[in-house]
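Structural overview for review
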Protein chains: 2
Amino acid sequence: MAEQQESSTEARAPWTRTQLLRAAIDLADRRGIESLSMRKLSQELGGGTMSLYNHVSNKDDLLDGMIDEVFSEIEMPAHERSWQVAMRGRAMSMRAAMTRHPWAIGLMESRRTPGPATLRHHDAVIGCLLDAGFPLSVTAHAFAALDSYIYGFALQERSLAFGTPEETAKLAQAFVVQFPAKEYPHLARLTIEHVLQPGYDYADEYEIGLNLILDGLAKLVPQR
Amino acid sequence: MAEQQESSTEARAPWTRTQLLRAAIDLADRRGIESLSMRKLSQELGGGTMSLYNHVSNKDDLLDGMIDEVFSEIEMPAHERSWQVAMRGRAMSMRAAMTRHPWAIGLMESRRTPGPATLRHHDAVIGCLLDAGFPLSVTAHAFAALDSYIYGFALQERSLAFGTPEETAKLAQAFVVQFPAKEYPHLARLTIEHVLQPGYDYADEYEIGLNLILDGLAKLVPQR
DNA sequence: ACCTGAACACCGTTCAAGT
DNA sequence: ACCTGAACACCGTTCAAGT
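Naming follows an unreviewed UniProt entry, where chain A appears as TetR/AcrR family transcriptional regulator of Kribbella pittospori.

Next up, the structure:
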């Protein structure tokens, strides 16, 4: 039983940065960002905690890398179609990525060191608008308005915890019980007469607001 | 020098929950949310760390309280004027509060236990729209779209670190140096030909996007 | 009812040492 | 070049004890 350093117990394969980032994303997806620690991540990967620092300079760098990985999952705006279709597609793909990785929602737009995938994505969005004939200033307006809306909606949706329409109904009902209509009459009315009605789904609001912005932008662009 | 338990060294005055919340907000404003710890906060207030738990059930409760305090600083939508003016005013007041308390930006819309000031605020917004003749469903659209945009813009603005136009120019210049136009041609063009031009101020984008949404909403409302 | 220190189970990261 | 354990300076919170 002694001297077991044989071929079957050779040192584990060295990690890749990407491997490490994917493992961190997986951990955050499964257990939430608050339980992503350097110690738990190294345990997940089966190595010493400090070995992580050979691939990542610190935890902030780890997070930056994770976010850039998420950006790499997002569809670039398609070139061959109208800018409205391309922008709608990107917005949908963005929302899908944030649904897969809810922990990323507060982080994607607040980190200050964008990675290459992030920059490529933003470059493609701007390129799509410029190619569609947007003047530079309108491109800037479109970029600011769309991204603000997309990120903000995801943030709000997460906090409202509107998973399925059924969950929504349960939560709304709890709200109505907890806060009598006397104190917050309008909130109560909106909840009872609208949110609690059959067929209501908060997710539907996403495209409505998006169209509002896209339609507004269309009027700022010279027609082809 | 012994037995100093005299009138001048009596026990410190008991804390109030509000006092404690204001001190926490002040600490977060001055040093950033990442250096707000129960230990540092109690030190700031001159008491034992565990004394905080007599006024706050845990750190999450502390954060919830802080956010509700921030909401109490925001102007309610004014009733006497048009809904456009009221909504614009609220949006501006919201932005001002988030500028005063940048640490609150990611938190105001992602916490799941809204306090009374938060609920009062949302109730007033919904009430303003209903009073203006908005159908319930359009009220829901307006609420979702406006809040998404307002929070998202603040988040983006913070990450872009666009403090003053001068800072913007400095950052943009650093960006251009770091990333040659070859790799991100459209991003480079927007930066050089638009962002780096004199008079550019990202803050101006706020009202432009806001008007886009307000104008779009106006078309969904029966005219008076 | 309010306060508090000690202790516990965690963190991220520096350092010095291994291969 | 990559790996790693021990140690340091932090966390939030439980507990048991004080007034």
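This is not the end of the story, as more comes after the structure.
Scanning chain A from terminus to terminus reveals nine helices and zero strands. Reading chain A from its N end, one meets helices and strands in the order α-α-α-α-α-α-α-α-α. In terms of overall dimensions, chain A is more spread out than a globule: its C-alpha atoms have a radius of gyration of 23 Å, far above the 17 Å expected for 224 residues. Overall, the C-alpha framework of chain A stretches about 75 × 55 × 25 Å when taken along its three principal axes. In chain A, which comprises 224 residues, the proportion classed as buried is 48%. Contacts spanning at least 24 positions in sequence make up 73% of the contacts within chain A whose residues lie at least 6 apart. Accessible surface, chain A as shown: approximately 11,200 Å² in total, 53% of it carbon and sulfur. Treating the 22 positive side-chain charges of chain A as one cloud and the 29 negative ones as another, the clouds have centres 3 Å apart.

Once that is clear, we can look at the nonpolar core. In this structure, L62, M66 and W83 of chain A together with L62, M66 and W83 of chain B are the most contacted members of the largest nonpolar core, which totals 142 residues. Here M66 of chain A is in contact with L21, A24, I25, A28, L36 and W103 of chain A, once residues within four sequence places are set aside.

All names here are of chain A. Packing of helix α4 (residues 83–100) against helix α9 (residues 204–218) brings their axes to within 11 Å, and their N-to-C directions diverge by 150 degrees. When the interaxial angle is binned, α4 and α9 end up roughly antiparallel. Crossing of α4 against α9: the hand is right-handed. For the pair α4 and α9, contact is made by W83, Q84, M87, R88, A91, M92 and R95 and by Y206, E207, L210, N211, L214, L217 and A218, respectively. Of the residues in the contact of α4 with α9, the class split is nine nonpolar, two polar and three charged.

This part is about the confidence of the model for chain A. Looking at chain A as a whole, the pLDDT averages 89, with 92% of positions reaching at least 70. Confidence over residues 1–9 of chain A falls short of pLDDT 50; this stretch has one contact with residues more than four positions distant or in other chains.

Taken together, 20 residues lie near DNA strand C, and R39, M50 and Y53 of chain A together with R12 and S51 of chain B sit nearest. A share of 47% of the atoms of DNA strand C within 4 Å of the protein falls on sugar and phosphate groups. Contact distances for DNA strand C include 3.1 Å between a phosphate oxygen and a side-chain N or O atom of K40 of chain A. Taking Y53 of chain A, its side chain carries an N or O atom lying 2.8 Å from a phosphate oxygen of DNA strand C. Ranked by residues supplied to the surface near DNA strand C, first place goes to helix α2 (residues 38–45) of chain A with three residues. For the surface near DNA strand C, the per-class residue count stands at seven nonpolar, eight polar and five charged.

So, about the environment of I192 of chain A. All names here are of chain A. Structurally, I192 is set in helix α8 (residues 185–195). Through-space distance from the C-alpha of I192 to that of V176 is 7.7 Å; in sequence the pair is 16 residues apart. If near-sequence neighbours (up to four positions away) are discounted, I192 is found in contact with V176 and Q197.

All names here are of chain A. Per the stated rule, a full pass over the model turns up 22 salt bridges over all chains. Of the charged contacts, one joins R17 and D61 as a salt bridge, the two residues approaching to 2.8 Å between their closest N and O atoms. You can see R17 sitting in helix α1 (residues 17–31) and its partner D61 sitting in helix α3 (residues 59–72), a full 44 residues away along the chain. Overall, R17 belongs to the partly exposed group, its relative accessible area being 31%. Between R95 and E157 there is a salt bridge, with its nearest N and O atoms 2.4 Å apart. Within this pair, whereas R95 is found in helix α4, its partner E157 is found in helix α6 (residues 136–160), the two being separated by 62 residues in sequence. Exposure remark for R95: the relative accessible area of 17% places this residue in the buried category. A single network of salt bridges, built from pairs that share partners, joins R22, E69, E73 and R100.

Our focus in this paragraph is the layout of surface pockets. The volume enclosed by the largest pocket comes to roughly 1,400 Å³. As for the largest pocket, its lining consists of 37 residues, and the residues nearest its centre are I33, G106 and L107 of chain A together with G106 and L107 of chain B. For the lining of the largest pocket, the per-class residue count stands at 14 nonpolar, seven polar and 16 charged.

Our next topic: the protein's contact with DNA strand D. Taken together, 20 residues sit near DNA strand D, with R12 and S51 of chain A together with R39, M50 and Y53 of chain B positioned nearest. In the interface set of DNA strand D, defined as its atoms within 4 Å of the protein, sugar plus phosphate atoms amount to 48%. Contacts to DNA strand D include G48 of chain A, whose backbone N or O atom sits 3.1 Å from a phosphate oxygen. One of the side-chain nitrogen or oxygen atoms of K40 of chain B is found 3.1 Å away from a phosphate oxygen of DNA strand D. A per-element tally of the surface near DNA strand D places helix α2 (residues 38–45) of chain B first, with three residues. By residue class, the composition of the surface near DNA strand D is seven nonpolar, eight polar and five charged.

The rules behind the values
Residues numbered from 1 in each chain as written. Chains lettered and ligands numbered in written order. Predicted model: local features only at pLDDT ≥ 70, side-chain atom pairs only at ≥ 80, totals over all residues. Heavy atoms only, no water. Helix = DSSP H or I, 4+ residues; strand = E, 2+ residues; numbered from the N terminus. Rg over C-alpha atoms; globule rule 2.2 N^0.38 Å. Buried < 20%, exposed > 50% of the residue type's maximum accessible area, 1.4 Å probe, protein only. Contact = heavy atoms within 4.5 Å. Areas by Shrake-Rupley, 256 points an atom, 1.4 Å probe, with all protein chains shown as cover. Lys, Arg positive; Asp, Glu negative; His and termini not counted. Charge placed at Lys NZ, Arg CZ, Asp CG, Glu CD. Core = buried A, V, L, I, M, F, W, Y, C linked by side-chain atoms within 4.5 Å. Axes fitted to C-alpha atoms, helices over the stretch in contact; angles between N-to-C directions. Parallel < 35°, antiparallel > 145°, perpendicular 65-115°, else oblique. Left-handed = near helix turned anticlockwise from the far one by under 90°. Nonpolar A, V, L, I, M, F, W, Y, C, P; charged D, E, K, R; others polar. pLDDT = per-residue confidence, 0-100. Near = heavy atom within 4 Å. Polar contact = N/O pair within 3.5 Å; in protein donor to acceptor, adjacent residues only side chain to side chain. Salt bridge = Lys/Arg side-chain N within 4 Å of Asp/Glu carboxyl O. 1 Å grid on protein atoms, 1.4 Å probe; cavity = no way out; pocket = protein on both sides within 12 Å on 5 of 7 lines; lining within 4 Å. Points joined across faces, edges and corners; volume = space filled by probe spheres on them.

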